[in-house]
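Fold and contact review
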Amino acid sequence: MELPYECAGMSLRTEIERRRTFAIISHPDAGKTTLTEKFLLYGGAVQLAGAVRGNKNQRAAASDWMELEKKRGISVSSTVLQFEYNGYAVNLLDTPGHKDFSEDTYRVLTAVDAALMVIDAGKGIESQTRKLFEVCRKRGIPIFTFVNKCDRPSREPLEILDEVESVLEIKAYPMNWPIGNGALFKGVYARQENQVHLFEKVPGGSFRAPVTIKGFNDPVVRDTVDASIIDPLVEELDMLNGVGEAFNHDEVLKGELTPVFFGSAVNNFGVQLLLDKFLELSAQPSGRFSGEKLVEPDHSDFSGFIFKIQANMDPRHRDRIAFLRVCSGKFVRDMWVTHAKTGKKHRLSSSHKLFAQERQTVDEAWAGDIIGLVGHSEFCIGDTLTEAKDIVFDEMPRFPPECFAFLHNPNKGNDKRFRAGLSQLLLEGVVQALYLRNSPTPIPLLAAVGPLQFDVFKHRLEAEYGAESRMESTAWTTVRWLDWNGATPDYASLILPGGVSLAQDSHDDTVVLFPNEWLIRFFEEKNEHVRLTKMPSN
């Protein structure tokens, strides 16, 4: 029996309003994945928090599910983790911190409604943090800040706060303030609640940290915290109250003010305070542009876009999964949708809720949710799926590769596995393959944003597909797409300087490979009848 329109609409709005979809971003080693694990612990998604780097008896981080991630202790791929907490439906996306994986991170940031920026209290704002912050700023999404590792020797909190405001050019409001520093870090003072949270360490940070919550003048606080810490703390709080920024929720939602939290993720200090406040203050799903039209989350028609493809998440089936952000309406399993790029209809019958590598069938999803669609080899990153034919979401950001290496197959007896693995991994869109024009042997030339991508590609070929490979580095550092300005291609007319080569991409578009910027200018001077572009024009 169908619900009346008013009831159905109220249900849709209620479900949308309780969605929180966000990414955690940081420079490598700031504690991003550790914080992700602790959110899962406090959110009840895991009973024992895993370790990014730990001994053989510790559970690995849930968000780092690849074997390579477990071995190296780094994130090399973004991961979706979904759980229910305090009435909120949480879609948490853990992203790689290393710059070589930034394209994956940038794509993830198109699918979220807010970002949580993790800063190392001892190092402050680092280069990758600044780059990712700028991507968030351009999208105008709320940005929250967690100053991590306060239990280690740290910079002064006022100094960190000033750096956030001056370097990132954003207002900052400390939601809490650290009590002590390094080995003397005792807890935090929650400013709006006027409460002191004193924490106790737990072995390995695997369990929730016991916390004592008292008023600032409570004798327990005075007995636990030395006067040498209390006195300067009072002075700093007086200064913040007198000349610091005022809290303004509207400015938070506009991305103009960042709420700042202090703590220690590894020891669970301040994690629940952060999680509770973040979910309370963060943005619910917002509208997305289809051309000049704003598609609101409660639009009656379902729509969404694919922002990531992951191959071989289930090695038993060699399948691929497309990560889709639901932008409007309600998703129902087995529904028919239009693939905007081709105009073809598709039935979405294999849909899943995601928790890193684990998945379970999902029958319903609402705007803000991330769902995984298994199969559908025709779906690509950036594609729109919709019930309304006039909805096509803006294209995904793309980045020109800067590193190039030939991929050789040293074992011809494994050619079938090699080609299958190559084909599957290229579908993810993180690494692309080029082929030199007029080459007697079609050896794939891998192109990526950073060289670490090649290590991951080679490792996954062998570990997931049983195919050996050998990388051969090249001197090329830049690629440009060749535009003939509407004329018939005439390759004989091109003047190619030494070290410059022509190749074809996966769409048979011609690219030019250069070893340096000077040769790009030389090529343009000698070939004025063509145009070079950083990305394909189609």
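The present account deals with the structure reproduced in this document. (Residues numbered from 1 in each chain as written. Predicted model: local features only at pLDDT ≥ 70, side-chain atom pairs only at ≥ 80, totals over all residues. Heavy atoms only, no water.)

1. Describing the packing of helix H4 (residues 102-109) against helix H5 (residues 127-139)
Under the convention used in this document: Where helices are involved, their axes are fitted lines through C-alpha atoms of the stretch in contact, as for all axes, and angles between N-to-C directions lie from 0 to 180°. Under the DSSP-based scheme used, a helix requires at least four consecutive residues in state H or I and a strand at least two consecutive residues in state E, with every element numbered from the N terminus. Angles below 35 degrees are treated as roughly parallel, those above 145 as roughly antiparallel, those between 65 and 115 as roughly perpendicular, and all remaining angles as oblique. Each crossing gets its hand from how the near helix is turned against the far one by less than a right angle, where anticlockwise is left-handed and clockwise is right-handed. Any two residues having at least one pair of non-hydrogen atoms within 4.5 Å are treated as being in contact. Throughout, the ten residues Ala, Val, Leu, Ile, Met, Phe, Trp, Tyr, Cys and Pro are labelled nonpolar, Asp, Glu, Lys and Arg are labelled charged, and all others, Gly among them, are labelled polar.
Where H4 contacts H5, the two axes come as close as 10 Å, and the packing angle between them is 30 degrees. Here H4 lies roughly parallel to H5, going by the angle between them. Crossing of H4 over H5 shows right-handed handedness. Counted together, Ser 102, Thr 105, Tyr 106 and Leu 109 of H4 and Gln 128, Lys 131, Leu 132, Val 135, Cys 136 and Arg 139 of H5 form the full contact between these two elements. Here the residues of the contact of H4 with H5 sort into five nonpolar, three polar and two charged.

2. Let's talk about the sheet that holds strand S24 (residues 403-408)
Heads up, the rule is: In this description, strands pair whenever DSSP reports at least two bridges between them.
If you trace the eight strands from one edge of the open sheet to the other, you get S27-S24-S26-S25-S29-S30-S28-S31, paired in antiparallel fashion. The open sheet has two edge strands with one neighbour each: strand S27 (470-473) and strand S31 (531-533). Taking the axes of each pair of neighbouring strands and ignoring which way they run, one obtains an average angle of 40 degrees across the sheet. Examined bridge by bridge, strand S25 (residues 432-436) and strand S29 (residues 501-504) share two bridges and lie antiparallel to one another. Looking at S29, one finds that Tyr 435 is bridged to Gln 504.

3. Section: H4
Quick reminder: α-helices carry 3.6 residues per turn. Residues three or four places apart thus point the same way. Selection rule: Accessibility here uses a 1.4 Å probe with only protein chains present; expressed as a share of the type maximum, an area under 20% marks a residue as buried, one over 50% as exposed, and anything in between as partly exposed.
Across the eight residues of H4, eight count as buried, placing the element largely inside the fold. If you check which residues of H4 are buried, you get Ser 102, Glu 103, Asp 104, Thr 105, Tyr 106, Arg 107, Val 108 and Leu 109. The elements touched by buried residues of H4 are strand S1 (19-26), strand S3 (88-94), H5 and strand S14 (303-311).

4. With respect to a negative patch on the surface
Rules: Only residues whose relative accessible area exceeds 30% and that form no salt bridge enter a patch; like-charged residues are grouped when within 9 Å of one another, and nonpolar side chains (Val, Leu, Ile, Met, Phe, Trp, Tyr) when within 5 Å. Computed with the Shrake-Rupley method and a 1.4 Å probe, the accessible areas treat only the protein chains shown as cover for residues. Counted as salt bridges are all cases of a side-chain nitrogen of Lys or Arg within 4 Å of a carboxyl oxygen of Asp or Glu. Residues scored as charged are limited to Lys and Arg (positive) and Asp and Glu (negative), so that His and the chain ends carry no count. Charged side chains are reduced to one point each, which is NZ for Lys, CZ for Arg, CG for Asp and CD for Glu.
On the surface, Asp 226, Asp 231, Glu 235 and Asp 238 cluster together into a patch of negative charge. Inspection of the secondary structure puts Glu 235 in helix H8 (residues 227-243).

5. Overview of the pattern of salt bridges
Scanning the model with the defined rule gives 24 salt bridges in all. For Glu 163, the salt bridge is made with Arg 155, and the minimal N-O distance between the two is 3.3 Å. The shortest N-O distance in the salt bridge between Arg 347 and Asp 334 comes to 3.5 Å. Of this pair, Arg 347 sits in strand S18 (residues 344-348) while Asp 334 sits in the loop between strand S16 (330-332) and strand S17 (335-339), and the two are 13 residues apart along the sequence. Judged by its relative accessible area of 30%, Asp 334 is partly exposed. Within this structure, Glu 15, Arg 18, Arg 19, Glu 84 and Asp 369 form a network of salt bridges that share partners.

6. With respect to the environment of Ala 45
Among the structural elements, Ala 45 can be located in the loop between helix H2 (32-42) and helix H3 (67-72). Between the alpha carbons of Ala 45 and Gln 82 there is a distance of 8.3 Å; along the sequence they are 37 residues apart.

7. Some words on helix H13 (residues 517-526)
The cut-off we apply is this: Note that the arc is computed from the directions linking the helix axis to the C-beta atoms. Pairs of N or O atoms are called polar contacts if they sit within 3.5 Å, as long as, within protein, a hydrogen donor faces a hydrogen acceptor (for residues adjacent in sequence, only side-chain-to-side-chain pairs).
Among all positions in H13, only Leu 519, Ile 520 and Phe 523 are buried. End-on view of H13: buried residues confined to an arc of 110 degrees, all on one side of the axis. Exposed positions of H13 whose direction lies more than 90 degrees from the buried face are Trp 518 and Glu 525. Buried residues along H13 sit in contact with strand S28 (478-483), strand S30 (510-514) and S31. The opening residue of H13 is Asn 516, an N-cap whose side-chain oxygen sits 3.2 Å from the backbone nitrogen of Trp 518.

8. As for the packing of aromatic side chains
The line we're drawing: For this analysis, a ring pair means two rings from Phe, Tyr or Trp (six-membered ring only for Trp) whose centres lie within 6.5 Å, classed as stacked if their planes differ by under 30 degrees, edge-to-face if by over 60, and tilted for the remaining angles.
Summed over all chains, the structure comprises 14 aromatic pairs. Aromatic pair Phe 199 and Phe 269: ring centres 5.0 Å apart, planes at 20 degrees, arrangement stacked. Here Phe 199, found in strand S9 (residues 195-199), pairs with Phe 269, found in the loop between strand S11 (257-262) and helix H10 (271-281); they are 70 residues apart in sequence, far enough to count as distant. For the pair Phe 199 and Phe 269, a shared accessibility class is recorded, and that class is buried. With a centroid separation of 5.4 Å and 85 degrees between ring planes, the pair formed by Trp 484 and Tyr 491 is classed as edge-to-face. Here Trp 484 falls in the buried class, since its relative accessible area comes to 10%. For Tyr 491, a relative accessible area of 26% gives the class partly exposed. Through successive ring pairs, a cluster of aromatic residues spans Phe 22, Phe 39, Phe 144 and Phe 278.

9. Let's talk about the nonpolar core
The cut-off we apply is this: In this text, buried Ala, Val, Leu, Ile, Met, Phe, Trp, Tyr and Cys residues form a nonpolar core when linked through side-chain atoms within 4.5 Å.
Within the largest apolar cluster, 60 residues are counted, with the highest numbers of intra-cluster contacts made by Leu 93, Val 164, Ile 179 and Phe 307. In terms of residues, this core owes the most to one element, H8, which gives five residues. Once residues within four sequence positions are removed from consideration, Ile 179 is found in contact with Leu 184, Phe 185, Lys 186, Gly 187, Val 188, Tyr 189, Val 196, Leu 198, Val 225, Ile 229 and Leu 233.

10. Examining the pairing of S14
Counting buried positions along S14 yields nine of nine residues, so the element is predominantly enclosed. Here three bridges tie S14 to strand S23 (residues 384-386), and the two strands are oriented antiparallel to one another. Bridge assignment links Gly 304 to a residue of S23, and that residue is Leu 385. The sheet contact formed by S14 and strand S15 (residues 320-328) spans eight bridges and is antiparallel. Residue Phe 305 lies in a different strand from S15, and its bridge partner there is Arg 325.

11. A few points about the pairing of S30
With five of its five residues buried, S30 lies for the most part within the structure. Of the two faces of S30, the one carrying Thr 510, Val 512 and Phe 514 and the one carrying Val 511 and Leu 513 are both buried. Pairing of S29 with S30, which is carried by four bridges, proceeds in the antiparallel orientation. What sits directly across from Ser 501, in S30, is Leu 513. With antiparallel pairing between neighbouring strands as the criterion, S29 and S30 make up a hairpin whose turn holds five residues, including Asp 508 at a positive phi of roughly 65 degrees.

12. Describing the sheet that holds strand S7 (residues 176-179)
The strand order across the open sheet formed by four strands is S7-S8-S9-S10, and the pairing between neighbours is antiparallel. Sheet topology places S7 and strand S10 (211-215) at the edges, where each strand pairs with a single neighbour. Put simply, the sheet's adjacent strands are angled 25 degrees from each other on average, direction ignored. The strands touched by H8 within the sheet are S7 and strand S8 (187-190), with S7 carrying the most contacts at an inclination of about 160 degrees.

Treat this as a map of the structure, not an account of what it does.
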